Amino acid sequence: MKFRDRTILVTGASRGIGAAIARAFAAEGGLVFVNYRRSEAEAQAVVEACRAAGGQALAIAADVTVPAEVEAMLARIGEEAGRLDAVVNNAFAPYVFDPEARARFWETPWSAYQAQVDGALKATYNVCQAALQLMRRRGRGAIVNIATDLVARPSIPYHDYTTAKAALVGFSRNLAAELGPLGIRVNCVAPGLVWPTGASRRTPEDVKEALIAQTPLGRIATAEDVTGPVLFLASDWSGFVTGQTLHVDGGLVMG
Amino acid sequence: MNLFAGHLPGIAATEVEWRRLDFSAWGEGVTVDVPLLSEAQGLALAARVRENARSYLKTLPVAEIVATIDKAIARLLDREDPLRRQAEALLPVVTGYDAETVRLGLSGYLRTFRAPQLQRFLAEDFANPGVLDGFQPAMKGGFARAHGPELLLHIWAGNVPGLSLWSLISGLLVKAGSIGKVASAEPLLAGWFAQILAEIDPRLGECLAIVWWKGGDAASEQVWLNQADTIVAYGGNDALAAIRERAPITARFLTHGHKIGFGVVSVAALDARKAGALARLCAHDAMRYEQQGCYSPQMLFVERGGKVSPREFAEMVSRELAAFARRHPRRALSVAEAAGVAAWRSGEEMRAFDNEGRLVLGDAEDGWSVVQVDAAEPLAPSGLNRTLKIVAVESLDAVVPLVAPFRSFLQSAAIAASPEELFRIAALLGEAGVTRIAAFGTMTAPEAGWHNDGRFNLLDLVTITEIEHSAELAAEAFAPYVD
């Protein structure tokens, strides 16, 4: 029970990887705030699953790209829990990974980049700004940002999405340098293709097979594969680790 | 969720007694009501289907039947179609196979029934498929025409989803009125297919019926056996023997019984680069449908002397099975199935205990097991549900005497070897009784128009009516234009 009496916020936790991360924290005894934007019923189902897994959980609505909503969310966490030990920035702007119908560079308007930057970077910025107060107060905390291994190896060039995540990696390193002295660690987890999730359901079999063929561990990541590294970086076990990106892709990217 | 199975043209649902079957898997449950017809209803339905087929199906050109089947299959391939969505959602719960296995298996299987594949299917059995529509000139002189059965009874097994479509489509192509008996283990897909056919061509939909009776219910079965002139039955050998005993002597009885698939790997495929990819394909064939298909491998024979040894290859296959266990988790086993796996595994462990040439890989709680054996061992069933024995052999020729004693169980074999070896070993295995040689990775997906159990799927169903040359000549003498 590594997270007993600990409070964790997971953004975009009503489905996919975020939901799996919320359940994993709950299974380790944590109090999990399950953030969602619109999918209230799904978020409530995640809360139920968290409770069934042995932890505590609350669903909490907020569009993380809107500062006022984020501030209200963190204020409520402060009231309800009085502390915040870890934040997992998992939410991102809606995106469909479809290698066949993807927009090529010359078909990608700046607005598409902007939407992804807002979803990945601005959302994380908002949450980190608002969470800082709760974490600084106790001089400790861990922030885990979900990036992608596509930054290191753009197997398929999803320009807008991957560029925004690359910015998130740079953002995280700077934040790690800034917040290290305050006792707050900032790291990234960079999964490979995670499947099945709503966003990846259009990935064709032969793309998966091609990735598997080049992956030393010989398969595609599941949402559950991502949870262990996230929990590690959120826990004291990684107490002397900050500014790092941990690839969770079966060895497709090394280094 | 409750569903009704079957397809009963001319009978209202309210007139029928229904039996409820319960299914649960992957945290969901579904109930399926299957029809239990009285003897009188059965007789009336058989008569109706026979008559509808005579007055309609038999008048359709085979090309039109192909076009209709093609449309129906296109709907089942369309992932947005409501029935396809239903199949993807419910078949995993009914069969226990994981959702991705069902989705990929369905698409791969249905693709073999599109129009071009059906044409190939026809061409495999008939040099001129026109013989199904009318008399065609025969090579030896005279004319010939092929007639399908008036009433074809299908008795299906439930081991692999969609198995029923194979014989149902064969029956349609030879214009037979069909009665299909679904298995309690998978009662849905045949009825859905019939329903789609009926939506596309309502009169065609009245030329087939999908029914149910409890497996082994001899009294219900007898009603149908008496009505059919041709019977196609799938299942275990004991069940088939019991049916054969009760089938009328005048009926043609075609069986697809229990088989044991295997694979053969030559040193040509066992270098550091190729072996990994091959191990993945071997594991795929053992994983897909939990070895419940007649075509699934239960044993691999691996030649010694390659860069990758049989033991190393067994380790690679194990690793791939472990990877598949994450992506396609094994279905929940029944008590009997779990006992079968455990008995097989513990038997092998006992033998491995004092024998250095035998290694059991993986843990008992893993969703798979591999046993590697250094000494030659004859073909034997595995524990099924992802259990595989990998036997080292001195040469590919050494495989033949290991499988030959089991002729009646032979059907599919996968071979990974050079072209020269492939043809040489295929000849030897064919003599021993193997009827299908496939590549690894495709064992569970026979190609369109394959000859199941080495038989002619369509030709076995028809009778040929011949106008002998003498009759043709004699008729000339009676022509009004005779000189």
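Here the structure is a predicted model, which is why all the values come from computation and not from measurement.

1. Points about the domain arrangement of chain B
All names here are of chain B.
(1) Moving on: Split by domain assignment, chain B resolves into domain 1 (2-258 + 451-467) and domain 2 (261-438).
(2) Moving on: Using C-alpha coordinates to define each centre, domain 1 is positioned 33 Å away from domain 2.
(3) Moving on: Opposite the 18 residues of domain 1 that make contact, domain 2 presents 17 residues.
(4) Moving on: Buried area between domain 1 and domain 2, both sides added, is near 1400 Å², and the carbon and sulfur share of it is 56%.

2. So, the sheet that holds strand 2 (residues 17-25) of chain B
Residue and element names in this part refer to chain B.
(1) Moving on: The mixed open sheet is built from three strands, whose spatial order is 1-3-2. Each edge of the open sheet carries a strand with a single partner, namely strand 1 (2-4) and strand 2. In this sheet, neighbouring strand axes are inclined to one another by 25° on average, regardless of whether the strands run parallel or antiparallel.
(2) Moving on: In terms of strand pairing, strand 1 meets strand 3 (residues 28-36) through three bridges, oriented parallel. By the bridge assignment for strand 3, Phe4 is matched with Asp33.

3. Thoughts on a nonpolar patch on the surface
Residue and element names in this part refer to chain A.
(1) Moving on: A cluster of nonpolar residues, Phe232, Trp237 and Leu246, forms a patch on the protein surface that exposes about 320 Å² of accessible area.
(2) Moving on: Of note, Leu246 is situated in strand 7 (residues 245-248).
(3) Moving on: Classification of Leu246 as partly exposed rests on a relative accessible area of 33%.

4. Considerations on the pairing of strand 4 (residues 86-89) of chain A
Residue and element names in this part refer to chain A.
(1) Moving on: Burial of strand 4 is two-sided: the residues Ala86 and Val88 facing one way and the residues Val87 and Asn89 facing the other way are all buried.
(2) Moving on: One ladder, built from three bridges, connects strand 1 (residues 7-10) with strand 4; its direction is parallel. Bridge assignment links Val10 to a residue of strand 4, and that residue is Val88.
(3) Moving on: For the crossover that starts at strand 4, traverses helix 4 (residues 110-138) and ends in the parallel strand 5 (residues 141-146), the hand is right-handed.

5. Description of the sheet that holds strand 2 (residues 31-36) of chain A
In a beta sheet, neighbouring strands are held together by backbone hydrogen bonds and run either parallel or antiparallel to one another.
Residues and elements named next belong to chain A.
(1) Moving on: Overall, parallel pairing links the seven strands, which are arranged 3-2-1-4-5-6-7 in an open sheet. Edge strands, defined here as strands with exactly one partner in the open sheet, are strand 3 (56-61) and strand 7. Within this sheet the neighbouring strands show an average axis-to-axis angle of 20°, counted without direction.
(2) Moving on: Bridging between strand 6 (residues 184-191) and strand 7 involves four bridges; their strand directions are parallel. If you follow Pro191 over to strand 7, its bridge partner there is Val248.
(3) Moving on: Along the sheet, helix 2 (residues 40-52) contacts strand 2 and strand 3; its crossing angle with strand 3, the most-contacted strand, is approximately 165°.

6. Concerning the side chain of Gln298 of chain B
All names here are of chain B.
(1) Moving on: As for its placement among the helices and strands, Gln298 is situated in strand 12 (residues 297-303).
(2) Moving on: Of the polar contacts made by the side chain of Gln298, one reaches the backbone nitrogen of Ser382; its length is 2.9 Å.
(3) Moving on: Gln298 has contacts with Lys259, Ile260, Gly261, Gln291, Pro381, Ser382, Leu384, Thr387, Leu388 and Lys389, leaving out every residue within four places of it along the chain.

Conventions and cut-offs
Residues numbered from 1 in each chain as written. Chains lettered and ligands numbered in written order. Predicted model: local features only at pLDDT ≥ 70, side-chain atom pairs only at ≥ 80, totals over all residues. Heavy atoms only, no water. Domains from an automatic or database assignment. Contact = heavy atoms within 4.5 Å. Buried area = accessible area lost by both parts, 1.4 Å probe. Pairing = 2+ DSSP bridges. Helix = DSSP H or I, 4+ residues; strand = E, 2+ residues; numbered from the N terminus. Axes fitted to C-alpha atoms, helices over the stretch in contact; angles between N-to-C directions. Patch = residues over 30% accessible without salt bridge, like charges linked within 9 Å, V, L, I, M, F, W, Y side chains within 5 Å. Areas by Shrake-Rupley, 256 points an atom, 1.4 Å probe, with all protein chains shown as cover. Salt bridge = Lys/Arg side-chain N within 4 Å of Asp/Glu carboxyl O. Buried < 20%, exposed > 50% of the residue type's maximum accessible area, 1.4 Å probe, protein only. Right-handed = clockwise from strand over helix to strand, strands pointing away. Polar contact = N/O pair within 3.5 Å; in protein donor to acceptor, adjacent residues only side chain to side chain.

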